[in-house]
Amino acid sequence: VSGQRSGAVQRVAGKQSISVTDIQLIPAPGPGGDLSVYLQTLPGVVTSGDRGGELFIRGGTPAQNLILVDKMPIVKPFHISNLFSAFPQSVISNVDLYAGGFGAEYEGATSSVMDVSLRQGNMRKFESQVAASPYIISALAEGPIKQDQQSLLVMGRYSVIEQAGPELTGEEVPLKFSDMLARYSVNWEGLTCNLTAIHTYDRGKINPQRNVSLGWENTAVGARCLGFSEELRNSVDFTIGWSKYTSTEVGFDDLGRTSNISVGYLRMDNSGTAFDYPFNYGLRWNLNFYEANLDEPFPEITGKEQRFGLGATLEEYTSVFSAYVATDFKPFNTLTISPGITTQIRQENISATFEPRIRMTWLPLGTENQEISFALGKYAQLREAITDERDAGTVFYVYKPVNVDDPVPTSVHAILGYRQRIGEFIEANIETYYKNNQNVPVAEWTREPGNTIRTAFADAETFGLDVQFEVNAQPLYLTVGYGLAEVEYRASANDLVAWIDTDEFVYNPSHDRRHQLNVLASYKIGKFTANAIWRYSSGAPYTKLYAIDLIVRVPYQDPLENQGKAVTLYSVPFDGTLPAFQRLDVSIDRKFQLSSGVELETEIGAINSYDMTNVFYFDVNTLRQVNELPLLPYASISLNIK
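Residues numbered from 1 in each chain as written. Predicted model: local features only at pLDDT ≥ 70, side-chain atom pairs only at ≥ 80, totals over all residues. Heavy atoms only, no water.

Novice: Before we move on, can you summarise the pattern of salt bridges with the specific residues and values?
Specialist: Scanning the entire structure with this criterion turns up 27 salt bridges. A salt bridge links aspartate 50 to arginine 51, with the nearest nitrogen and oxygen atoms 2.7 Å apart. Neither residue differs from the other here; aspartate 50 and arginine 51 are each classed as buried. A salt bridge links glutamate 107 to arginine 267; the shortest N-O distance between them is 3.7 Å. Taken as a pair, glutamate 107 in the loop between strand 7 (92-98) and strand 8 (112-118) and arginine 267 in strand 16 (residues 256-274) lie far apart in primary sequence, 160 residues in all. Pair check on accessibility: glutamate 107 and arginine 267 agree, each one buried. Taken together, the shared-partner salt bridges connect Glu368, Glu371, Arg419, Arg421 and Glu427 into one network. (Salt bridge = Lys/Arg side-chain N within 4 Å of Asp/Glu carboxyl O. Buried < 20%, exposed > 50% of the residue type's maximum accessible area, 1.4 Å probe, protein only. Helix = DSSP H or I, 4+ residues; strand = E, 2+ residues; numbered from the N terminus.)

Quick look at the structure:
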């Protein structure tokens, strides 16, 4: 058994371990902290705005992230308000975030991995919590079914900002979301099993002035058992379950679009010994079902004919088998080398991926006060998600498997990191990284906005540098993080855009936030704790408006009888830059012991405390500037019964 430190600078070759203590330092307009707001304080993590539920990690898109909850895959557990996810601090044990360079035990993603571990319910006594704020209300109950052997934990949350928002902000906040989590845990001698069920629900409008309603749901049920036998001299980790993601968009044309994924999965992770070397290995099987329905006016391609008015539909099954093997060895006490290899085989296409990886750590001084880390690896992804990335007013993606005849999207990661402890209270970490993505699927661009299942392929490069300083001198805790990154895409103009007169089109996508700066401070004053987080990022690229015109689909529409439909025409993609973003969030909290076993926790604070006008995006359909939330004051209260 070994201890593991957490904190802003505890990052090793792209891996950052996050604890509940880290999460609760970030002001959030709800009882307790939330994983979503903490992630946004890390350099290299970019959001499109304060709504939409999207995280871009070191140049990757949300579809290139792998999110696991005790090995159970979930597509999009982040809520339509980016201040919340399905993971409040009250249910988390710890989180490992790999911003790149992840090991062989993870497959199916080309950008990042977020491995969330939930805690078990209390095995000794019953506890409960009810909490409320102007943004969200929640309830939690847990306790033993059989003392020291079985427990149950249940939590539910429901947003109320849609009702409270107009009074607090003076404007409409059409965001509705909820989540429920239940966990049954059993501990026997040598065996621990957890049965987990999660459901999330999101509905709302990113732009209140635009008649586009978005929604998504996650439903996942899984069982994970971890056992150890002295006879076998190794551990066995077995996981089985089912996960479903559904998403919808109802546009200004009153037509609906849907995209669904269902995944049945079976996984086993084991360890063994060969030639006196310990190694880990694992097998995984996924059965995936994809559905999509894009109503008219978006086209379907059949052969060489483009048919308008018929819609586009997708129904596909895929079966994917994957395996990995990895090991750790120490040629010296101060040097750890962890090589591994992963392969994925899709039943419809017998060819296998080849994904070698290696991670290394070195302690030059022989102590934890100084550390150099390195990671290098190749990654492949057999699933793609298509959206019109020029339109920030939608987060609707069409999920589909990579076509059998198309090249597989791959990525190569290289990371070099250095961590130094300075004296007793100060620690620093600097990390540089490079990602080279090949065959990134991008929706074919047309002059007017729209969804399509037709794709082109682009290559992408991301260069970046993250620097973090941490001062932990109680009662003061202070972190400063700076991220510098450039994301560049290259694609054939013939495949991607028809109206640009060049062979190759080079652009910086909307998640290319060149500079990020985050400053977090926490100070304990008697029984009070004050927290503040200031965030800055340079402006994101966006696509300007070229014109508004009337479109007639000749020969399917007669121009003498039909004057056409008004549509927005885009300019050259990503030819503009939005203003820079900055925001200060503050909070102060205190706990009151009302009686033995009854505790009251209170918090007051404000999101965007100095009411900065931050531009979310410019909506070319309504010709309006859409801003992020203005000043949002809040007060939350939580009653804990132990």
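Novice: How would you summarise the nonpolar core if you had to cite specific residues and measurements?
Specialist: Judged by nonpolar contacts, the single largest core of 75 residues is most densely connected at Ile18, Leu35, Leu39, Phe87, Met114, Tyr135 and Tyr399. In terms of residue count, helix 2 (residues 35-39) provides more of this core than any other element does, four residues in total. Ignoring sequence-local partners within four residues, the contact set of phenylalanine 87 consists of Asp34, Leu35, Val69, Pro77, Ile92, Val116, Leu118 and Arg157. Of all hydrophobic cores here, the second largest spans 16 residues; its members include Ala456, Val487, Ala493 and Phe505. (Core = buried A, V, L, I, M, F, W, Y, C linked by side-chain atoms within 4.5 Å. Contact = heavy atoms within 4.5 Å.)

Novice: Requested: an account of the side chain of serine 271, with residues and values cited.
Specialist: Here serine 271 is to be found in strand 16. Discounting chain neighbours no more than four positions away, the residues touching serine 271 are Asn234, Ser235, Phe279, Asn280 and Tyr281.

Novice: How would you sum up unusual backbone geometry? Please name residues and give values.
Specialist: Cis rather than trans, the peptide bond between glutamine 474 and proline 475 has omega equal to 15 degrees. Looking at the secondary structure, you find proline 475 in the loop between strand 30 (455-473) and strand 31 (476-492). In this model, asparagine 439 sits at a positive phi of 60 degrees, which is unusual for a non-glycine residue. In this fold, asparagine 439 is placed in strand 29 (residues 426-443). With a phi close to 55 degrees, phenylalanine 574 is a non-glycine residue in the positive phi region. Considering the arrangement of structural elements, one finds phenylalanine 574 in the loop between strand 37 (565-570) and strand 38 (576-577).

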